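Spelled out, the chains give:
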Amino acid sequence: PCLVRLWTSPSPPRDFLRCLVLCGFASFLFGWHVHEKAIMMVTIPLCLLAVERKVWARCFTVVTFAGHIGLFPLLFQPAELLIKTVMFVCYSLVTLIGLFIILK
């Protein structure tokens, strides 16, 4: 439905991003064989919408945090545990503080 609306009526670029996020979510949720990296099809356009409204920012934080946790098994060496944990915590803090400042 969102693609038909985009095709038939003129709409701002923001609607295209919303449609892209919706289609990315649908392909991730209902895909037969989905890799961990497929969540990036949702998070990249969602990061552009996250700075607009608090609703998108909340969705962005949940999706990115879940996506990062889902990517943890790809770094499976014991030596990588500290690096990936510190990077995740730093990214999470920067994201939360940045979105809080922008959407204050």
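To be clear, the structure that these remarks concern was listed above.
The structure reproduced in this document is the subject of the present report.

What counts and what doesn't
- Residues numbered from 1 in each chain as written.
- Predicted model: local features only at pLDDT ≥ 70, side-chain atom pairs only at ≥ 80, totals over all residues.
- Heavy atoms only, no water.
- Patch = residues over 30% accessible without salt bridge, like charges linked within 9 Å, V, L, I, M, F, W, Y side chains within 5 Å.
- Areas by Shrake-Rupley, 256 points an atom, 1.4 Å probe, with all protein chains shown as cover.
- Salt bridge = Lys/Arg side-chain N within 4 Å of Asp/Glu carboxyl O.
- Helix = DSSP H or I, 4+ residues; strand = E, 2+ residues; numbered from the N terminus.
- Phe/Tyr/Trp six-rings, centres within 6.5 Å; stacked < 30°, edge-to-face > 60°.
- Buried < 20%, exposed > 50% of the residue type's maximum accessible area, 1.4 Å probe, protein only.
- Contact = heavy atoms within 4.5 Å.

1. So, a nonpolar patch on the surface
- Nonpolar side chains collect at one region of the surface, where Val89, Leu93, Ile97, Phe100 and Ile101 lie side by side and expose about 510 Å² of accessible area between them.
- By the secondary structure assignment, Val89 is in helix α5 (residues 80-102).

2. Re the packing of aromatic side chains
- Per the counting criterion, the structure on display carries two aromatic pairs.
- Summarising the aromatic geometry, the rings of Phe65 and Phe88 are spaced 5.9 Å apart at their centres and angled 75 degrees between planes, so their arrangement reads as edge-to-face. Here Phe65 is found in helix α4 (residues 54-71), whereas its partner Phe88 is found in helix α5, with 23 residues between them in sequence.
- A ring pair is formed by Phe72 and Phe88, whose centres lie 5.6 Å apart and whose planes are at 80 degrees; its orientation type is edge-to-face. Here the residue Phe72 occupies a position in the loop between α4 and α5, and Phe88 occupies one in helix α5, the gap between them amounting to 16 residues.

3. Here's the deal with the side chain of Thr43
- Within the secondary structure, Thr43 is located in helix α3 (residues 40-50).
- Judged by its relative accessible area of 13%, Thr43 falls in the buried class.
- Non-local contacts of Thr43, meaning those with residues more than four positions away in its chain, are made with Phe60, Val63 and Thr64.

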